[in-house]
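Structural features, examined
Letter by letter, the chains look like this.
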Amino acid sequence: MRPAYLPTMSSAVLSPAISAAGHRVGSFERSRIKSPYQPHLDGLRALAIMGVLMEHLGVTMPSMLRFGPLSVRFFFVLTGYFITLSLWRMKDELIENADGLMEHLGRFYLSRLLRIGPPFYLALIVGALLGVQEIRSNFLWLATFQANHYIVYLGYWPNAISHFWSLAVQEQFYILWPLVVLALPKRSFVLAMVIFIFFGLGFRIYCISTNTSTIIRWVTLLGCFDSFATGALVAYLGQSFFLEKIKSLPHVVLSAMTLIAFSCFFLGRALMTLPEGNIWLGFTETVDAIFLAWLLIVSLSGIKNRYSRMLSWKPLVYLGRISYGIYVYHVFVIILISPLLLSFGLSENHYALIRLAILVSLTLIMASLSWHFMEKPFLAWKSSLSLHRKQPSLGHLQPSSV
């Protein structure tokens, strides 16, 4: 049964596929960390977007196998990890150059817009041209990444555009996080992230205890801070060599970590079944973030096992690469094509598998075309901007393309 706080068309978020090669910062040794492309991260993205698709296509799943809400937290955790690494590299370059803050910030914001913007704005324009009224009426809200605030203003979920709440949260995070990371003394980083985690948890508990709208708790940046901060803590662990040492930990310790992580997973699924107004609902996203951080740590630690080999399966990796396009376009495919399928007798109750196959296939085709003919060219342009910027004076600090 769907929890009251989770709307049908809203549990999607996608952080676009990005790669990172971090550097030691502050108290870390300032030397290059090798972070080659890891295909199993795209495999994780693929599993997450599949959970979103199943949620939005109305596929009934047992409560313990509903991954749509969990996918939201995964992409936020992943964003916290990658963006923190990117900003640490920026901080290193600012220390070397001692100037150019506005130039670096401008390049950072432009790179984020070049990654998220093209498919997003194309979807808005095409949706408006095809007569999606919720886009036409609210184009300015959407185009300025304010969909989450507009949903709060409405007090209900406009199905055709409500999935854009997550992109709005991501963009608002991009604006805020450079101010946090660049200004934060590195010795205070862990404490600050812990504060952010407790702030996100406390905000959701406050909303529940005061009967504040569940929409506010779900779609505002304030209620998502713990997921982003958890990803940032994983970045810290990577820079402090913990991820390189995890493979050498005693087997009993690794087993205990795995047990704790999966306990958090099942606890999160159980909490989702609680009635609205139960204070323990506020803990759902936090325990989900702990489980997802463990998944990310295992993926980044280089542990070779059946888990990583399964996630590195080429079709799954490709699905992860085009997952951003899947996220952006899948709702429009559903709302524009489903009425046409009804005329052929295809609905959620009649010939549901055929309907599902058609909608998924069309979504994958659109996402694939978007990846090859729009997203990749813009990514290449973004990388060229990064490569042509002024180089740091230390030879071992190479530019990266996050």
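Because the structure is predicted, anything quoted here is derived from the model rather than measured. (Residues numbered from 1 in each chain as written. Predicted model: local features only at pLDDT ≥ 70, side-chain atom pairs only at ≥ 80, totals over all residues. Heavy atoms only, no water.)

Next up on the list: the overall build of the chain. A count of helical and extended segments in the chain gives 17 helices and zero strands. The proportion of buried residues among the 402 residues of the chain is 54%. Contacts in the chain between residues at least 24 apart in sequence constitute 76% of all its contacts with a sequence separation of at least 6. Approximately 17600 Å² of the chain is accessible, and the part contributed by carbon and sulfur atoms is 70%. (Helix = DSSP H or I, 4+ residues; strand = E, 2+ residues; numbered from the N terminus. Buried < 20%, exposed > 50% of the residue type's maximum accessible area, 1.4 Å probe, protein only. Contact = heavy atoms within 4.5 Å. Areas by Shrake-Rupley, 256 points an atom, 1.4 Å probe, with all protein chains shown as cover.)

To continue, consider the packing of aromatic side chains. Any two aromatic rings considered together are summarised by their centre-to-centre distance and by the angle between their planes. One pass over the structure, following the stated rule, counts 30 aromatic pairs. Taking 6.0 Å as the distance between ring centres and 50° as the angle between the ring planes, the aromatic pair formed by Trp165 and Trp218 counts as tilted. You can see Trp165 sitting in helix α7 (residues 165-183) and its partner Trp218 sitting in helix α9 (residues 214-219), a full 53 residues away along the chain. For the pair Trp177 and Phe196, a centre-to-centre distance of 5.3 Å together with 55° between the ring planes defines the contact as tilted. Here Trp177, found in helix α7, pairs with Phe196, found in helix α8 (residues 189-209); they are 19 residues apart in sequence, far enough to count as distant. Judged by its relative accessible area of 17%, Phe196 falls in the buried class. One aromatic cluster in this structure is built from Phe76, Trp165, Phe173, Tyr174, Trp177, Phe196, Phe199, Trp218, Phe225 and Phe228. Taking NZ or CZ as reference, Arg73 lies 5.3 Å from the ring centre of Trp218, over its face. Over the ring of Phe265 we find Arg269; its NZ or CZ atom is 5.3 Å from the centre of that ring. (Phe/Tyr/Trp six-rings, centres within 6.5 Å; stacked < 30°, edge-to-face > 60°. Lys NZ or Arg CZ within 6 Å of the ring centre and 35° of its normal.)

Another point: the pattern of salt bridges. Per the counting criterion, the structure on display carries eight salt bridges. Two residues, Glu375 and Arg115, come together in a salt bridge whose shortest N-O distance is 3.1 Å. Residue Glu375 is found in helix α17 (residues 352-387), and its partner Arg115 is found in helix α3 (residues 101-129); the two are separated by 260 residues along the sequence. There is no split in this pair, since Glu375 and Arg115 are both buried. Members of the salt-bridge network, linked through shared partners, are Asp42, Arg45 and Arg321. (Salt bridge = Lys/Arg side-chain N within 4 Å of Asp/Glu carboxyl O.)

Here the focus is the layout of surface pockets. In this structure, the second largest pocket encloses a volume near 630 Å³. When residues of the lining of the second largest pocket are traced back to their parent elements, those giving at least two are α1 (39-56), α2 (68-97), α12 (251-271), α13 (284-300) and α14 (306-311). Looking at side-chain class alone, the lining of the second largest pocket contains 20 nonpolar, five polar and no charged residues. (1 Å grid on protein atoms, 1.4 Å probe; cavity = no way out; pocket = protein on both sides within 12 Å on 5 of 7 lines; lining within 4 Å. Points joined across faces, edges and corners; volume = space filled by probe spheres on them. Nonpolar A, V, L, I, M, F, W, Y, C, P; charged D, E, K, R; others polar.)

Under the 1.5 Å per step criterion, the end-to-end length of α2 is 44 Å for 30 residues, consistent within 8% with the ideal 44 Å. Of all 30 residues making up α2, 28 are buried, and the element is well covered by its neighbours. (Expected span 1.5 Å × (residues − 1).)

Per-residue pLDDT for the chain averages 83, and the proportion of residues at 70 or more is 85%. For the chain, the element scoring lowest by mean pLDDT is α14, at 75; α8 scores highest, at 96. Confidence drops under pLDDT 50 across residues 1-35; counting only partners more than four residues distant or on other chains, this segment forms 129 contacts. In the predicted structure, residues 390-402 sits below a pLDDT of 50 and forms 35 contacts with residues beyond four places in sequence or in another chain. (pLDDT = per-residue confidence, 0-100.)

Time to look at unusual backbone geometry. Positive phi, normally seen in glycine, also occurs at Phe145, with a value near 55°. Considering the arrangement of structural elements, one finds Phe145 in the loop between α5 (139-143) and α6 (147-154). Owing to a relative accessible area of 8%, Phe145 belongs among the buried residues under this scheme. Here the phi dihedral of Asn211 falls at roughly 60°; this positive angle occurs in a residue that is not glycine. Locating Asn211 in the fold gives a position in the loop between α8 and α9.

The subject of this paragraph is helix α15 (residues 314-321). All of the buried residues along α15 are Leu316, Val317, Leu319 and Gly320. On an axial view of α15, the arc spanned by its buried residues comes to 160°, and they lie on one face. (Arc of directions from axis to C-beta.)

With that out of the way, let us pick up the nonpolar core. If you look at soluble globular proteins, the nonpolar side chains tend to sit buried side by side. Counting residues in hydrophobic clusters, the biggest one holds 106 residues, and the most contacted among them are Phe164, Trp165, Trp177, Met193 and Phe291. Looking at this core, the element that brings in the most residues is α2, giving 15 residues. Apart from residues no more than four positions distant in its own chain, Trp177 is found in contact with Ile83, Thr84, Leu87, Met193, Phe196 and Ala232. (Core = buried A, V, L, I, M, F, W, Y, C linked by side-chain atoms within 4.5 Å.)

A few words now on a nonpolar patch on the surface. The grouping of Met61, Met64, Leu65, Phe67, Phe262 and Phe266 at the surface amounts to a nonpolar patch, some 490 Å² of accessible area in total. In this structure, Phe67 sits in the loop between α1 and α2. (Patch = residues over 30% accessible without salt bridge, like charges linked within 9 Å, V, L, I, M, F, W, Y side chains within 5 Å.)

Turning to the packing of α3 against helix α16 (residues 323-342), a few remarks are in order. Between α3 and α16, whose axes approach to 10 Å, the crossing angle comes to 15°. On the basis of their axis angle, the class for α3 and α16 is roughly parallel. α3 and α16 meet at a crossing whose hand is right-handed. The residues of α16 that touch α3, namely those facing Arg115, Ile116, Pro119, Phe120, Leu122 and Ala123, are Tyr324, Val328, Tyr329 and Phe332. (Axes fitted to C-alpha atoms, helices over the stretch in contact; angles between N-to-C directions. Parallel < 35°, antiparallel > 145°, perpendicular 65-115°, else oblique. Left-handed = near helix turned anticlockwise from the far one by under 90°.)

Contact geometry for α1 and α15: axes closest at 7 Å, N-to-C directions at 70°. Accordingly, the angle class assigned to the pair α1 and α15 is roughly perpendicular. Residues Pro39, Asp42, Gly43, Arg45, Ala46, Leu47 and Met50 of α1 pack against Leu316, Val317, Leu319, Gly320 and Arg321 of α15. For the contact of α1 with α15, a count of residues per class yields seven nonpolar, two polar and three charged.

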